[in-house]
Amino acid sequence: MLRNYFKIAWRNLMKSKIFSFINVVGLAVGLTCCILIAAFVTDELSYDRYPAQAEQIYRVELHLTENESVTDFSNVDGAVGPGIKEAFPEVQNVTRLLPRGDVFMRYEDKQFKEKTIAFVDSNFLEIFSLPLSEGDRKTALREPGSIVVTRAFAQKYFGNGPALGKAILFGKSEEVRKVTGVIEKIPGNTHFHFDAFLSTADLGQRQPTWSNVGFYTYIVLDKNADPAKLEAKFPQLVAKHVVPEIQRDMGVSLAEAQKSVNTFRFFLLPLTDIHLHSASKFELAANGNINSVYIFSILAVFILLLAIVNFTNLSTASAAGRAKEIGIRKVMGSVKAQLINQFLLESILLTFLALLLAVLASSLLLPYFNQLAGKEILLPSLLSVRNLVLMLVFGLGVGVLAGAYPAFLLSLSKITAVLKGGSTLQASRRSALRSGLVVFQFAISGTLIIATTVAYQQLHFMQNKTVGYDKDQVLVIQDSYMLGQNEKVFKQQLLGDSRVIQASVSGNVPVGLGSGTEGTQIYAKREQGNEQRAEIQTGVYRVDEDYLATLGIQLKAGRFLSKEFLSDTAAAIINETAVRELGLGKTSPIGKKIVRSGQREFTIVGVVKDFHYTSTRQKIAPLVMLSMRNSGAILVKVKATDVAELVASFKQQWAAFNPPAPFTYTFLDDRFESLYESEQKTSQLFTIFAVISIVIACLGLFGLAAFTAESRTKEIGVRKVLGASVPNIILLLSGDFLKLVLIAIVIASPLAWFAMNRWLEDFAYRVEISWWVFALAGVLAVVIAFVTVSFQSVKAALTNPVKSLKAE
């Protein structure tokens, strides 16, 4: 009997090849999306769960409240971690990490610039369960001058041979570092990504402090310890250690410094929450977002529901044409169970074909999906035994669910009714269920169309917003500090080229990684008879006198730094935001003094207009420009049309100084564009899923239109006999569907508005969602639906009425 079921099922599939193809492909597309998104979500949720004590590890962070603004820092000062361990017995262990990027390393004739290096405590590898393929992780970083590297790092310098014991030269001074361990690979699902670890023993004997930031500090709690109760004890450490430091460094009164007990708060963040739940400043890598996990999970569910609904609709439409077959089977003695089994088997067969296609498509698309989502999901993990079993169970469930509706409905049809050409399915063509499914499908599609449009608007807005400086035709020559005393000589040589408009030496370059912005606390110095000004956190740029002219930053008041004023070594340029937050907006700030950490005083000689020195996603923060110990890179404003020839000339001049580093450069506008990779990916994903949802919804609408045209064949024949024209018939069949699509847009609009407003809250500068976005989504949805339905409508309208009525 089972063999007979398969034979009949296969014959029916081959009989309606186009219909079966559309049915299978529609479900396969939905399943493919679901598999890939599920892989993405699973990977996001797996971050930092690999250490043996992951559930007991917490990162110590700083919650700083200043001048009514709140900032969370992901790092704290060097003494904080050891101090917490010493003060509280529930803390089992502590380890710290201090990043050290952009340093040259050399082994024999191989030299590379490394960006992913960090100093760590000797127990770091053990706490984070990082096994070594060479060396002992318990002792590898105990001694000064030791370095632990990844296998990829070792191969880059030493080839495929053993790396243990090899000596590598570190930094400009080429200090010797001995390889004491090799990590096969750092897990991809971690919040830090470093290729080499140096011992904190190399940092020297520094006076430990509490009131700054820098060290990423992790503590391991006892299993029974309550992190909330531990946090409640931290203010006593602030009172004991931070208050005296602030009083000393800022030169404020004890009463003023004691306010830090309320504004300077340490807190604990679970290690497993860092990737998805942290929005702190100075993260080690770009984190994910739990909202993205929720959004993509919902998208996966919705797209899968769309595919299942379409599969059911198309199966129903196909089954409607088999009413006579069912009647004849019943006359020949088929019982209800046999008919149900037949339809269920056909549905399950189609489902497994779709599942097979989905698995193949997911495997082929995985590299492109990884590139788009910034992931490293491997094929073996995607097609693990557990996942394949889940897919098979899921396929069986979908097949039964999709086939149950037509199977049970057709098996209940009366023999006399179906042999006359009718069926129970015809009576249900206007059911609320079918209308609801169409509304559901296009509500999702409409929501995604609106979301895609808004995401594109926001990305375009950020990329084209006036940033306050000229980023075009500006070369950033990197690592100019490697020239030593010749750095400024090289700058003067560049200025001698007629193709160079201006040049500036500064380690601080707007936007992008490695912008080098440092931070400090400042306040406006007390004036006689006035209260002390507000204390604020500000960024610090170290610049020369040509910085403003090179980048086209506009001066609002006063003057910029100049060689003509020897006192400018103690001069400061601040931006408009700093003026406001220091409380200097009511009078001219020129000539006023500001005090920074260490009680160092600077005189304000100029104010520049606000410019976006970080991403336009963030609100412009206070900034101070100083001329102290300035080095690092050279910014060159050029006017050449043949940039390649100009760069070659610069490279030749660089080589003449014989520096211990190669000539490297970037364009400032390229750095600016790299800031928005995340938004670009989001926009691309929205677009892809919107297109997929529309395609699936159209397949479902096609199925419903085919079913409607089939069930109303005789009605259309009668109408044509009575004089109805082809346009009349098309409007008749299309009108009901278009009404449902309009209802779907009405439902989708507030949902999309709410969701995208929540998404836009992450941006300090954002677009307003305009009414035309919803109108555009409505027009697109209606046009797409009309084109889809029209194919079946025109076909039905052109059918000869004689053929439609002869069955009566």
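Note that the coordinates shown come from a computational prediction; the quantities given were computed from them, not determined experimentally.

Looking at the overall build of the protein
Here comes step 1: Looking only at helices and strands, the protein features 28 helices and 24 strands.
Here comes step 2: In the protein, buried positions account for 51% of the 808 residues.
Here comes step 3: Sequence-distant contacts, at least 24 apart, represent 79% of the contacts inside the protein between residues at least 6 apart.
Here comes step 4: Split by element, the accessible area of the protein, about 37400 Å² in all, is 58% carbon and sulfur.

Looking at the pattern of salt bridges
Here comes step 1: This model, assessed by the stated rule, comprises 23 salt bridges.
Here comes step 2: Notably, a salt bridge pairs glutamate 184 with arginine 151, separated by 3.7 Å at the nearest N-O pair. Residue glutamate 184 is located in the loop between β10 (175-183) and β11 (196-199), and its partner arginine 151 is located in helix α5 (residues 151-158); the two are separated by 33 residues in the primary sequence.
Here comes step 3: Judged by its relative accessible area of 45%, glutamate 184 falls in the partly exposed class.
Here comes step 4: For the salt bridge of arginine 177 with aspartate 202, the shortest nitrogen-to-oxygen distance reads 3.7 Å.

Focus on the environment of tyrosine 50
Here comes step 1: For tyrosine 50, the location among the structural elements is in the loop between α2 (17-45) and β1 (57-66).
Here comes step 2: We classify tyrosine 50 as partly exposed; its relative accessible area is 23%.
Here comes step 3: Sequence separation between tyrosine 50 and asparagine 189 is 139 residues, and the spatial gap between their C-alpha atoms is 8.4 Å.
Here comes step 4: Beyond its immediate sequence surroundings of up to four residues, tyrosine 50 is in contact with Phe128, Ser129, Leu130, Pro187, Asn189, Thr190 and Phe192.

Here we look at the packing of helix α19 (residues 487-495) against helix α22 (residues 643-656)
Here comes step 1: It is the contact of α19 with α22, at a shortest axis distance of 11 Å, that shows an interaxial angle of 150°. Crossing hand, α19 versus α22: right-handed. Here Phe490, Gln493 and Leu494 of α19 lie close against α22, whose contacting residues are Phe650, Gln653 and Trp654.
Here comes step 2: Residue composition of the contact of α19 with α22, by class: four nonpolar, two polar and no charged.

Quick word on the pairing of strand β9 (residues 167-170)
Here comes step 1: A one-sided burial pattern is seen for β9, the buried positions being Ile168 and Phe170 and the unburied ones Ala167 and Leu169.
Here comes step 2: Sheet analysis places strand β4 (residues 103-107) next to β9, joined by two bridges and oriented antiparallel. In the strand pairing of β9, methionine 105 is matched with phenylalanine 170.

Notes on the environment of glutamate 108
Here comes step 1: Considering the arrangement of structural elements, one finds glutamate 108 in the loop between β4 and β5 (110-114).
Here comes step 2: With relative accessibility at 57%, the residue glutamate 108 sits in the exposed group.
Here comes step 3: It is 9.5 Å that separates the C-alpha atoms of glutamate 108 and phenylalanine 158, two residues lying 50 residues apart in sequence.

Points about the sheet that holds strand β14 (residues 474-477)
Here comes step 1: Reading across the sheet, the four strands line up as β15-β23-β14-β24 and stay open at both edges, with antiparallel pairing between neighbours. This sheet does not close on itself; its edge strands, each paired only once, are β15 (500-505) and β24 (665-667). Within this sheet the neighbouring strands show an average axis-to-axis angle of 20°, counted without direction.
Here comes step 2: By the bridge criterion, five bridges tie β15 to strand β23 (residues 634-638) in an arrangement that is antiparallel. Bridging from a neighbouring strand, alanine 503 pairs with valine 636 of β23.
Here comes step 3: Packed onto the sheet, α19 meets β14, β15 and β23 and runs at close to 170° relative to β15.
Here comes step 4: The strands touched by α22 within the sheet are β14, β15, β23 and β24, with β14 carrying the most contacts at an inclination of about 25°.

Examining the nonpolar core
Here comes step 1: Counting residues in hydrophobic clusters, the biggest one holds 47 residues, and the most contacted among them are Tyr469, Tyr547, Ile553, Phe611 and Met625.
Here comes step 2: Tallying contributions element by element places helix α18 (residues 432-464) first for this core, with seven residues.
Here comes step 3: Beyond its immediate chain neighbours, meaning those up to four positions away, tyrosine 469 contacts Pro510, Val511, Leu551, Gly552, Ile553, Phe611, His612, Leu668 and Phe672.
Here comes step 4: Within the second largest apolar cluster, 43 residues are counted, among which are Ala300, Ile303, Val398 and Ile692.

A look at helix α3 (residues 80-87)
Here comes step 1: Within the span of α3, buried status applies to Val80, Gly81, Gly83 and Ile84. Viewed along the axis of α3, the buried residues span an arc of 165°, placing them on a single side of the element.

Section: unusual backbone geometry
Here comes step 1: Phi at glutamate 108 is positive, roughly 55°, even though this residue is not glycine.
Here comes step 2: Positive phi outside glycine occurs at serine 129, with the angle close to 50°.
Here comes step 3: Structurally, the position occupied by serine 129 is in the loop between α4 (124-127) and β7 (132-134).

Section: the confidence of the model for the protein
Here comes step 1: Confidence in the prediction of the protein, expressed as mean pLDDT, is 81, and 83% of residues score 70 or more.
Here comes step 2: Confidence drops under pLDDT 50 across residues 423-430; counting only partners more than four residues distant or on other chains, this segment forms 23 contacts.

Rules of the game
Residues numbered from 1 in each chain as written. Predicted model: local features only at pLDDT ≥ 70, side-chain atom pairs only at ≥ 80, totals over all residues. Heavy atoms only, no water. Helix = DSSP H or I, 4+ residues; strand = E, 2+ residues; numbered from the N terminus. Buried < 20%, exposed > 50% of the residue type's maximum accessible area, 1.4 Å probe, protein only. Contact = heavy atoms within 4.5 Å. Areas by Shrake-Rupley, 256 points an atom, 1.4 Å probe, with all protein chains shown as cover. Salt bridge = Lys/Arg side-chain N within 4 Å of Asp/Glu carboxyl O. Axes fitted to C-alpha atoms, helices over the stretch in contact; angles between N-to-C directions. Left-handed = near helix turned anticlockwise from the far one by under 90°. Nonpolar A, V, L, I, M, F, W, Y, C, P; charged D, E, K, R; others polar. Pairing = 2+ DSSP bridges. Core = buried A, V, L, I, M, F, W, Y, C linked by side-chain atoms within 4.5 Å. Arc of directions from axis to C-beta. pLDDT = per-residue confidence, 0-100.

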